[in-house]
Amino acid sequence: MPTPQTIDEYIAPYPLHVQEILQNIRRTIHEAAPEATEKISYQMPTFFLHGNLVHFAAFTNHIGFYPVPSGIEAFKEELSVYKQGKGSVQFPLEQPMPYELIRRIVLFRVQENLKKASAKSRK
C-alpha cells in the first residue's frame, strides 16, 4: 500500500469504528490548535505549528499518540494508566478515548511551540 499523502488517505483504509476514533482525535486537535496545519510525517498524521505539535497513528489494538517527551512528562500522572514510551502513549481501542486529555495535551504543546518560536524570533 502506498504511503498516504494526507490524513484523509491515512484514515480511509481502517475499519469504520477506527476511522471514527481517528476523525474524533483529528477534530479534537483542530479545536485545540485551529492554527495548526495537517501533514503526514513519519508516515503518521501530524499537526504542525512552529514545528511538529503532535502525531497520532492507528495500530491493531491501540491508538498511538505522540506529543513528544515534554507532553508526556507534563501529564505523567494522568497518563500513568496507559502504556508509554519516551514521547508516546498508547490508548487501547477497547477503552473510551480520553479526548479531553488529548485536548489539554495539545493546548500544552501549542503553548510550548509558541514559546519556542517567540524565543527564536527574539534572537
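Reading the values: rules and limits
Residues numbered from 1 in each chain as written. Predicted model: local features only at pLDDT ≥ 70, side-chain atom pairs only at ≥ 80, totals over all residues. Heavy atoms only, no water. Core = buried A, V, L, I, M, F, W, Y, C linked by side-chain atoms within 4.5 Å. Buried < 20%, exposed > 50% of the residue type's maximum accessible area, 1.4 Å probe, protein only. Helix = DSSP H or I, 4+ residues; strand = E, 2+ residues; numbered from the N terminus. Contact = heavy atoms within 4.5 Å. Salt bridge = Lys/Arg side-chain N within 4 Å of Asp/Glu carboxyl O. Pairing = 2+ DSSP bridges. Axes fitted to C-alpha atoms, helices over the stretch in contact; angles between N-to-C directions. Phe/Tyr/Trp six-rings, centres within 6.5 Å; stacked < 30°, edge-to-face > 60°.

Trainee: Quick question: what am I supposed to make of the nonpolar core here?
Mentor: One broad rule of soluble globular proteins: the nonpolar side chains tend to lie buried together. Counting 35 residues, the largest nonpolar core has I29, F65, L79 and V106 as the members making the most contacts within it. Of all elements in the fold, only α1 (7–11), α2 (16–32), β2 (44–48), β3 (52–58), β4 (62–66), β6 (89–92) and α5 (99–122) reach the threshold of two or more residues within this core. Ranked by residues supplied to this core, first place goes to α2 with six residues. Apart from residues no more than four positions distant in its own chain, F65 is found in contact with I29, V54, H55, F56, G87, S88, V89, F91, I102, I105 and V106.

Trainee: For this particular structure, what's the right way to read the pattern of salt bridges?
Mentor: Any two side chains of opposite charge can pair, given that their charged atoms come close. Counted according to the given criterion, the structure contains seven salt bridges. Between D8 and R26 there is a salt bridge, and its shortest N-O distance comes to 2.6 Å. Here the residue D8 occupies a position in helix α1, and R26 occupies one in helix α2, the gap between them amounting to 18 residues. You can call D8 partly exposed: its relative accessible area is 45%. Look at R26 and you get buried, because its relative accessible area is 12%. Connected through salt bridges with shared partners, the residues E78, E100, R103 and R104 form a single ionic network.

Trainee: So what exactly am I meant to see when it comes to the sheet that holds β2 here?
Mentor: Each strand in a sheet pairs with another by means of backbone hydrogen bonds, the pair being arranged parallel or else antiparallel. Taken in spatial order, the six strands of this open sheet run β1-β2-β3-β4-β6-β5, and their pairing is antiparallel. A strand with exactly one partner marks an edge of an open sheet, and here the two such strands are β1 (37–41) and β5 (83–84). Strands in contact with α2 are β1, β2, β3 and β4; relative to β3, the strand with the most contacts, it is inclined by about 170°.

Trainee: When you look at the packing of aromatic side chains in this model, what are you seeing that I'm missing?
Mentor: What describes a pair of aromatic rings is the distance from one ring centre to the other and the angle between the planes of the rings. Evaluated as defined, the whole model comprises five aromatic pairs. Between the aromatic rings of Y82 and F91, the centroid separation amounts to 4.8 Å while the plane-to-plane angle is 90°, which identifies the pairing as edge-to-face. Per residue, the accessibility class of Y82 equals that of F91, and both read buried. Here the aromatic cluster, defined as three or more aromatic residues joined through ring pairs, consists of F65, Y82 and F91.

Trainee: Honestly, the environment of I102 in this entry has me stumped. Any pointers?
Mentor: Looking at where I102 falls in the secondary structure, it is placed in helix α5. Residue contacts for I102: discarding those within four places in its chain leaves I25, T28, I29, F65 and F91.

Trainee: Which parts of the structure should I look at to understand the pairing of β6?
Mentor: Taken residue by residue, a regular strand's side chains alternate between the two faces of the sheet. The pairing of β4 with β6 spans four bridges and is antiparallel. When the sheet's bridge partners are listed, F65 is paired in β6 with V89. What sits between the antiparallel neighbours β5 and β6 is a turn of four residues.

This is a description of form; function is not addressed.
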